[in-house]
Amino acid sequence: MHKADVPKSVLPTLFLGRSLALSAGLIVLQIVAALFFVVDGFEDWLVAGADGRTLELAMESLIAVALFTGVILSSMNIVRLSRDLFRKEQSLAKARGALGEHIEMRFKEWRLTKGEGEVALFALKGCDIAEIARLRGAAAGTVRSQLSQVYAKAGVSSQAALVSVFIDDLLDVLPKGEIATNC
């Protein structure tokens, strides 16, 4: 899958997923290396006994401890990243649902027909008249007429103003202490 084929809203999740996979791979590598040093150190201790190879044994033990510490810290980081990703995905899903409900509420308030609602939704997504006509299998003149009806019912005069209605609605719901400004 190419980056151009992936929706922009999914890219951060894919990046974080790949980051988690890379971290997990590094943890496995650290575990294998640590186990090697522990086994090699134990073998050296059994074979060498007290013949003076204590520096090598100490270094192998230190490396093994460092690798196991890295495994623990990396595992904690993966758990934290996974929780953060889960929370962000939940928040995004809630926001999408709330925005969808708000758009639906506004369309009912404006008494848009089903066709006008579809055209308005495509306009909110940034589609131009030709794109909307192609997507709906309708004539450009029909779409232009429906879009004019949407603008009239919404009390706006352009696609940018239609989008602005929803942005203004979102900005008016700012937490206490933040200032919402109208143009």
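These lines cover the structure that appears in this document, whether it is placed above or below. The structure presented is a predicted model; accordingly, all values stated were derived computationally and were not measured.

### A short note on the layout of surface pockets
Taken as a whole, the largest pocket encloses approximately 210 Å³ of empty space. Surrounding the largest pocket, Leu-99, Gly-100, Ile-103, Glu-104, Leu-121, Leu-124, Lys-125, Val-163, Phe-166, Ile-167 and Leu-170 form its lining. Of all the elements in the fold, those that place two or more residues in the lining of the largest pocket are helix H2 (54–109), helix H3 (114–124) and helix H6 (159–171). Split by residue class, the lining of the largest pocket holds eight nonpolar, one polar and two charged.

### Let's talk about the nonpolar core
Here is a general trend for soluble globular proteins: nonpolar side chains tend to be buried in one another's company. Within the largest apolar cluster, 20 residues are counted, with the highest numbers of intra-cluster contacts made by Phe-107, Trp-110, Leu-162 and Phe-166. Listed by contribution, the elements that provide at least two residues to this core are H2, H3, helix H4 (129–136), helix H5 (140–154) and H6. Counting residues per element, this core draws most heavily on H5, at five residues. Leave out the neighbours within four places in its chain, and Phe-107 touches Leu-112, Gly-117, Ala-120, Leu-121, Leu-124 and Phe-166. By size, the runner-up hydrophobic cluster in this structure holds six residues, among which are Leu-20, Ile-27, Val-71 and Leu-81.

### Focus: the side chain of Arg-106
Relative to the assigned elements, Arg-106 resides in helix H2. Given the relative accessible area of 15%, Arg-106 is considered buried.

### Some points on the packing of aromatic side chains
Taken as a whole, this structure holds four aromatic pairs when the rule is applied. Here the aromatic rings of Phe-107 and Phe-166 are separated by 6.4 Å at their centres, their planes lie at 80 degrees, and the arrangement is edge-to-face. Residue Phe-107 is found in helix H2, and its partner Phe-166 is found in helix H6; the two are separated by 59 residues along the sequence. Measuring from centroid to centroid gives 5.8 Å for Trp-110 and Phe-166, while their planes differ by 75 degrees, and the two rings are edge-to-face. On the criterion of sequence distance, the pair formed by Trp-110 in the loop between H2 and H3 and Phe-166 in helix H6 is long-range, its members being 56 residues apart. With respect to class, Trp-110 is no different from Phe-166; both count as buried. Grouped by ring-pair contacts, the aromatic residues Phe-107, Trp-110 and Phe-166 constitute a single cluster.

Conventions and cut-offs
Along each chain, residues carry numbers from 1 onward, in the same order as the chain's sequence is written. Per-residue local features are limited, in this predicted model, to residues with pLDDT of at least 70; the limit for side-chain atom pairs, both in listing and counting, is 80 or more; totals at the level of whole chains, interfaces and linings are taken over all residues. Excluded from the side-chain calculations are hydrogens and water; all other atoms, namely the structure's heavy atoms, are used. Think of a 1 Å grid over the protein atoms and nothing else: a 1.4 Å probe that fits but is trapped marks a cavity, an open set flanked by protein within 12 Å on at least five of seven lines marks a pocket, and residues with an atom within 4 Å of a point count as lining. Grid points are joined across faces, edges and corners, and a volume is the space filled by probe spheres set on the points. Helix and strand labels come from DSSP, where a helix needs a run of H or I of at least four residues and a strand needs a run of E of at least two; each type is numbered from the N terminus. Residues are grouped as follows: Ala, Val, Leu, Ile, Met, Phe, Trp, Tyr, Cys and Pro are nonpolar; Asp, Glu, Lys and Arg are charged; every other residue, Gly included, is polar. Put simply, a nonpolar core is a bunch of buried Ala, Val, Leu, Ile, Met, Phe, Trp, Tyr and Cys residues held in one set by side-chain atoms that sit within 4.5 Å of each other. Residue exposure (1.4 Å probe, protein chains only): buried if accessible area is under 20% of the type maximum, exposed if over 50%, otherwise partly exposed. Should any heavy atoms of two residues lie within 4.5 Å, those residues are counted as being in contact. The rule is short: rings of Phe, Tyr and Trp, with Trp giving its six-membered ring, pair when the centres are within 6.5 Å, and they are stacked under 30 degrees, edge-to-face over 60, tilted in between.

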